[in-house]
Amino acid sequence: MYFSFETIQTLVIGFIVVYAILWIKKPRLSKNEPPMVPYKIPIIGHTIDFVFNADTFFSKCRKHYGDTFNLYVFGQVITVVGNEAPHEIFRSGDSFNLNEATKDLLPVHHILPRVNGFGDIPHLSKTIREEITGKLSLYTGRMQEQLMISINKDIGDCSNPKVIVSGQNFFSKVIARPIANIVVGEEVSRHEDVVNAFANITKEFATFFILPPFLSFIHPKIHQQVVTLPIRFGWNPIRKHINTLKHYLRPVLEKRLKDKEILGDKYKPPLDIIEYYMNEPGYGTKVITDEYLNYICEVLIIIVFGSVHSTTRHIAGALYDFAGRPELWDDLYEEQAKIDKECNGVLAIEHVDRMVKLDSFMRESIRTFGDVAGLMHRCMEDSFTFKNNTTIPKDRIVYIYLNDSFYNKAYGPEPRSFLPYYGLDNNKPATKIDKNYIAFGAGKHACPGRFLAISEIKICMHKLILNYHIKTESGKVDEKKYAGPFVIPHSTGIIFENRRK
Ligand code: HEM
């Protein structure tokens, strides 16, 4: 066989290039790292199992390699922790950071430059704890009113059964309405444009995640540069929503400042978050300028970002869980009918607290929500050593293997089955965090908005169950679909039919 010089030259260069790529892409581990799960195809590593088979794959890895192991996914080493190590992460305070884990792909600091991304999270958490959770009883009536506006508008009369695809898109507006009411107040939130802005802000952020990180196989920075290119050329996906908020906020805030000046001590401050910010050092103002509005809207958008998306995911999940389980309908309806009678249709916080079966059902719906892994945190220290003596380096992204906590033996011999009254029987309300219930994180950074979220979902479910017979089109709970380790919201129909009163 004869090979020309050119052919040999090409083969040699090709060999050197392939060798160089393999050498560059070889995962480099530091000392004492968690075990790296072996893989067969260089560069691709575990990406295929991670994307198409996360549940079974993670379960096998956990069995063979223990609570903490490394995978090679999309050209990066990631660490996965089972149900033991997450609490070391949550407890370690600032050694790990959730927002920093997404920073490369979601350049919030470019989108919200005035607050430099996620802004002052400790102040935000304090605001939510004191101004929302601490005053939840004052907001309960308003939440109920706002939810009923959405239910009447978007579901309405179902004397003839109506099929609605009640997934995340549908619920984002239902959930956004009461949140807008609490954040920007009764007057501003009356405008449908404002409710739409609240409902859609998170969807705009999600556009950054549409493109799978294939370019990360070459280098994670290349994917990051490509997805953030439009932003760096001046495109801001939420500019239109900021403009909407500014438009409606300006006259209302100007009037509040004027009233305050004229009425002095007789001024009655409206109950909402914007009023709180206007009096808070570092957030308030004496004059409503364009720059002030730009700034305060960015502050508000972080609250919307944290609140609407996650609450929407879980109410949508809960409705499907209810609609597909006929065995629960009568029991949950009876509890709601009893409470409705007691409160004469007007809920106060103590009535929401008395919905103990619904609360327990909600806890279970959240526990079995389905994300195999998630709650990614970035290691912020030079290195971090887990109690099992394995060490990970700075900047390592850690995925929490949620199923290992949620489907733990602590839930009995069949932890994957739906246990609607587990919370009730074990005195564990839906807001109570424990080792095997970490949907709201834990420790110093545990979600401060969970009391609002659970109240809002319970009030909404209470009203839906009271007003309608609700069932899935298929008559059962449809199987969950996945994108990598993350569950995809259901997109099948739910049938609503008026209950005879
Ligand atoms: C069902 C709905 C919700 C879920 C599942 C959820 C979940 C979470 C999780 C997992 C964390 C991260 C904890 C960590 O870093 O370890 C978190 C943090 C946070 N959540 Fe929520 N959340 C929900 C609703 C809300 C709502 C309604 C608000 C606002 C009113 C909110 C505001 C926040 C804030 C400000 C943080 C950051 C806390 C910090 O870093 O100190 N969340 N949430």
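Residues numbered from 1 in each chain as written. Predicted model: local features only at pLDDT ≥ 70, side-chain atom pairs only at ≥ 80, totals over all residues. Heavy atoms only, no water.

A word on the overall build of the chain. Looking only at helices and strands, the chain features 21 helices and 12 strands. Burial statistics for the chain: of 501 residues in total, 52% are counted as buried. The contacts in the chain between residues at least 6 apart in sequence include a share of 75% that link residues at least 24 apart. When the accessible area of the chain is evaluated, it comes to approximately 24,100 Å², of which 57% is carbon and sulfur surface. For the chain, the distance from the average site of its 62 positive side-chain charges to the average site of its 56 negative ones is 2 Å. (Helix = DSSP H or I, 4+ residues; strand = E, 2+ residues; numbered from the N terminus. Buried < 20%, exposed > 50% of the residue type's maximum accessible area, 1.4 Å probe, protein only. Contact = heavy atoms within 4.5 Å. Areas by Shrake-Rupley, 256 points an atom, 1.4 Å probe, with all protein chains shown as cover. Lys, Arg positive; Asp, Glu negative; His and termini not counted. Charge placed at Lys NZ, Arg CZ, Asp CG, Glu CD.)

The protein supplies the iron atom of the ligand with one donor atom, C447 (SG), which lies at 2.3 Å. Relative to the elements of secondary structure, C447 occurs in the loop between helix 20 (422-425) and helix 21 (450-467). (Donors = N, O, S within 2.8 Å, 3.2 Å for Na, K, Ca; no water.)

One can describe the packing of helix 10 (residues 192-206) onto helix 13 (residues 239-263) by two numbers: an axis separation of 9 Å at closest approach and a directional angle of 155°. Taken together, the axes of helix 10 and helix 13 are roughly antiparallel relative to one another. Relative to helix 13, helix 10 is oriented so that their crossing is left-handed. Of the residues in helix 13, those in contact with D193, V194, A197, F198, N200, I201 and E204 of helix 10 are K240, H241, T244, L245 and Y248. Residues that form the contact of helix 10 with helix 13 fall into these classes: six nonpolar, three polar and three charged. (Axes fitted to C-alpha atoms, helices over the stretch in contact; angles between N-to-C directions. Parallel < 35°, antiparallel > 145°, perpendicular 65-115°, else oblique. Left-handed = near helix turned anticlockwise from the far one by under 90°. Nonpolar A, V, L, I, M, F, W, Y, C, P; charged D, E, K, R; others polar.)

For the rest of this paragraph, the subject is the sheet that holds strand 2 (residues 76-81). Across the sheet, which stays open at both edges, the five strands sit in the order 1-2-8-5-3 with mixed pairing between neighbours. Two strands lie at the open edges of the sheet, namely strand 1 (68-73) and strand 3 (96-97), each paired on one side alone. Alignment of strand 1 against strand 2, held across six bridges, turns out to be antiparallel. In the sheet register, V73 faces strand 2, and the bridge partner there is Q76. Across the sheet, helix 3 (residues 54-65) touches strand 1 and strand 2, and the angle it forms with strand 1 is around 135°. (Pairing = 2+ DSSP bridges.)

All right, on to the site of the ligand then. The immediate surroundings of the ligand are formed by 22 residues, with S310, L375, A439, H445 and C447 found nearest. Here G306 contributes a backbone N or O atom positioned 3.4 Å from a nitrogen atom of the ligand. With respect to the ligand, the side chain of H445 contributes an N or O atom lying 3.0 Å from an oxygen atom. Among the elements of the structure, helix 7 (121-132), helix 15 (290-323), strand 5 (374-379) and helix 21 are those that each provide at least two residues to the shell around the ligand. (Near = heavy atom within 4 Å. Polar contact = N/O pair within 3.5 Å; in protein donor to acceptor, adjacent residues only side chain to side chain.)

What follows covers the environment of G82. Of note, G82 is situated in the loop between strand 2 and helix 4 (86-91). In this structure, the C-alpha to C-alpha distance between G82 and F69, residues 13 residues apart in sequence, is 8.8 Å.

Turning our attention to unusual backbone geometry. Of note, F74 is a non-glycine position whose phi angle comes to about 45°, a positive value. Along the chain, F74 falls in the loop between strand 1 and strand 2. A residue is classified by how much of its surface remains accessible, and F74, at 12% relative accessible area, is buried. One non-glycine residue with positive phi stands out, namely D395, at about 75°. Tracing the backbone through its elements, the reader meets D395 in the loop between strand 7 (391-393) and strand 8 (397-400).

A few words on the packing of helix 15 against helix 18 (residues 356-367). Axis separation between helix 15 and helix 18 bottoms out at 9 Å; the angle between their running directions is 105°. The orientation of helix 15 with respect to helix 18, classified from their angle, is roughly perpendicular. For the pair helix 15 and helix 18, the contacting residues are H314, G317, A318, D321 and F322 in the first and F361, M362, S365 and I366 in the second. Here the residues of the contact of helix 15 with helix 18 are counted per class, giving five nonpolar, three polar and one charged.

Quick look at helix 11 (residues 220-227) now. H223, Q224 and V227 are the residues of helix 11 that are buried. Projection of helix 11 onto a plane perpendicular to its axis shows the buried side chains occupying an angular sector of 100°, all on one side. As for helix 11, its buried residues are in contact with helix 12 (229-232). (Arc of directions from axis to C-beta.)

A contiguous nonpolar surface patch, about 350 Å² in accessible area, is contributed by I41, I48 and F52. Along the polypeptide, F52 turns up in helix 2 (residues 47-52). With relative accessibility at 71%, the residue F52 sits in the exposed group. (Patch = residues over 30% accessible without salt bridge, like charges linked within 9 Å, V, L, I, M, F, W, Y side chains within 5 Å. Salt bridge = Lys/Arg side-chain N within 4 Å of Asp/Glu carboxyl O.)

Glancing now at empty space enclosed by the protein. Once rolled over the atoms, a probe with the size of a water molecule shows which space is left empty. Evaluation of the coordinates by the stated rule reveals one cavity of 30 Å³ or more. Taken as a whole, the largest cavity encloses approximately 160 Å³ of empty space. (1 Å grid on protein atoms, 1.4 Å probe; cavity = no way out; pocket = protein on both sides within 12 Å on 5 of 7 lines; lining within 4 Å. Points joined across faces, edges and corners; volume = space filled by probe spheres on them.)

Attention now goes to the nonpolar core. Counting 117 residues, the largest nonpolar core has F198, Y277, M461, L464 and F496 as its most contacted members. Sort the elements by how many residues they give to this core and helix 15 lands first, with 18 residues. Counting residues in hydrophobic clusters, the runner-up holds 20 residues, among them C61, F74, F217 and V372. (Core = buried A, V, L, I, M, F, W, Y, C linked by side-chain atoms within 4.5 Å.)

Read across the open sheet, the three strands follow the order 4-12-9; overall the sheet is antiparallel. Of all the strands in the sheet, just strand 4 (162-164) and strand 9 (468-472) have a single pairing partner and so form its edges. Looking at each pair of strands side by side, their axes are set apart by 30° on average, direction ignored. Bridge count for strand 4 against strand 12 (residues 494-498) is three bridges, and the pairing is antiparallel. The residue bridging V163 from the neighbouring strand is I495, located in strand 12.

This part is about the side chain of T391. Counting through the fold element by element, T391 comes out in strand 7. Side-chain polar atoms of T391 contact the side chain of T385, separated by 2.9 Å. Filtering out sequence-adjacent residues up to four positions away, T391 remains in contact with K31, N32, E33, P34, S383, F384 and T385.

Under the defined criterion, the tally for this structure stands at 31 salt bridges. In this structure, K173 and E192 form a salt bridge, with 3.0 Å as the shortest nitrogen-oxygen distance. Of this pair, K173 sits in helix 9 (residues 168-188) while E192 sits in helix 10, placing them 19 residues apart in sequence. By relative accessible area, which is 24% here, E192 ends up partly exposed. Of the charged contacts in the structure, one is a salt bridge between D321 and R325, with a shortest N-O distance of 3.1 Å. Like R325, D321 is buried.

Geometric values such as these leave the question of function open.
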